[in-house]
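# Tertiary structure, described
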Amino acid sequence: MKHKRDQEKIRLLAIERIKHLFYSASVAGNESALAKRYVTLARKIAMKSNIRLPSELKRKFCGHCNSFFNSKNSRIRTRDGKLISYCLECKKFSRIPLAKKRKISSS
């Protein structure tokens, strides 16, 4: 049985590796096969260590084909309070709700 400290070490190591893989994918942006492989590895690490990907990293790849988004293979638009990411490789899209602006009361 794993101890709590061991689980925390595994979690921190997994987060560090995931961030490094996403950085490598952004550097290898022109080589889409290599960037796709980095994203696939990062997702596998997250699933195996049972952690969620941060939302800023989730928006950087296609959830259907794992291709890393850059300006040549994706289209990102806002419409009706949602961020729509359209992948030009697999022709799928995802909608992410945007946070609504709150009114600040002056009382």
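Structural data are supplied above this passage.
If you're wondering where the values come from, they're calculated on a predicted model, not measured in any experiment. (Residues numbered from 1 in each chain as written. Predicted model: local features only at pLDDT ≥ 70, side-chain atom pairs only at ≥ 80, totals over all residues. Heavy atoms only, no water.)

### Some points on the overall build of the protein
Of the regular secondary structure elements, the protein holds 3 helices and 3 strands. Order of helices (α) and strands (β) in the protein, N terminus to C terminus: α-α-α-β-β-β. Dimensions of the protein, computed from C-alpha atoms along their principal axes, come out at roughly 50 × 50 × 20 Å. Put simply, the protein has 107 residues, and 27% of those count as buried. Taking as baseline every contact in the protein between residues at least 6 positions apart, the subset at least 24 positions apart corresponds to 36%. Charged side chains of the protein number 28 positive and 7 negative; the gap between the two group centres comes to 7 Å. (Helix = DSSP H or I, 4+ residues; strand = E, 2+ residues; numbered from the N terminus. Buried < 20%, exposed > 50% of the residue type's maximum accessible area, 1.4 Å probe, protein only. Contact = heavy atoms within 4.5 Å. Lys, Arg positive; Asp, Glu negative; His and termini not counted. Charge placed at Lys NZ, Arg CZ, Asp CG, Glu CD.)

### Some words on the packing of helix H1 (residues 4-27) against helix H2 (residues 32-48)
Put simply, H1 and H2 touch, their axes get as near as 8 Å, and they point 165° apart. The orientation of H1 with respect to H2, classified from their angle, is roughly antiparallel. As H1 runs across H2, the sense of the crossing is left-handed. Within the contact between the two elements, H1 uses Ala 14, Arg 17, Ile 18, Leu 21, Phe 22, Ser 24 and Ala 25 and H2 uses Ala 35, Tyr 38, Val 39, Leu 41, Ala 42, Ile 45 and Ala 46. A class-by-class count of the residues in the contact of H1 with H2 yields 12 nonpolar, 1 polar and 1 charged. (Axes fitted to C-alpha atoms, helices over the stretch in contact; angles between N-to-C directions. Parallel < 35°, antiparallel > 145°, perpendicular 65-115°, else oblique. Left-handed = near helix turned anticlockwise from the far one by under 90°. Nonpolar A, V, L, I, M, F, W, Y, C, P; charged D, E, K, R; others polar.)

### Quick look at the side chain of Asn 73
Summarising the element assignment, Asn 73 is placed in the loop between helix H3 (55-58) and strand S1 (74-79). On the accessibility criterion, Asn 73 (8% relative accessible area) is buried. A polar side-chain atom of Asn 73 sits 2.9 Å from the main-chain amide nitrogen of Asn 70. Excluding its chain neighbours within four sequence positions, the residues that come into contact with Asn 73 are Ser 67, Phe 68, Tyr 86, Cys 87, Leu 88 and Glu 89. (Polar contact = N/O pair within 3.5 Å; in protein donor to acceptor, adjacent residues only side chain to side chain.)

### Focus: the packing of aromatic side chains
Taken as a whole, this structure holds 2 aromatic pairs when the rule is applied. For the pair Phe 22 and Phe 61, a centre-to-centre distance of 5.8 Å together with 45° between the ring planes defines the contact as tilted. Residue Phe 22 is found in helix H1, and its partner Phe 61 is found in the loop between H3 and S1; the two are separated by 39 residues along the sequence. In this structure Phe 22 comes out as buried when scored by relative accessible area, which is 5%. By way of ring pairs, the aromatic residues Phe 22, Phe 61 and Phe 68 are connected into one cluster. (Phe/Tyr/Trp six-rings, centres within 6.5 Å; stacked < 30°, edge-to-face > 60°.)

### A short note on unusual backbone geometry
Its identity as a non-glycine residue notwithstanding, Asn 66 has a phi of 65°, on the positive side. With respect to the secondary-structure elements, Asn 66 resides in the loop between H3 and S1. One non-glycine residue, Lys 91, lies in the positive phi region at around 65°.

### Some points on H1
Its 24 residues place the ends of H1 35 Å apart at the C-alpha level, agreeing with the 34 Å of an ideal helix rising 1.5 Å per residue. Listing the buried residues of H1 in full gives Ala 14, Ile 18, Leu 21, Phe 22, Ser 24 and Ala 25. (Expected span 1.5 Å × (residues − 1).)

### A look at the pairing of strand S3 (residues 93-97)
Bridge count between strand S2 (residues 82-87) and S3: 5 bridges; the pairing is antiparallel. By the bridge assignment for S3, Tyr 86 is matched with Phe 93. (Pairing = 2+ DSSP bridges.)

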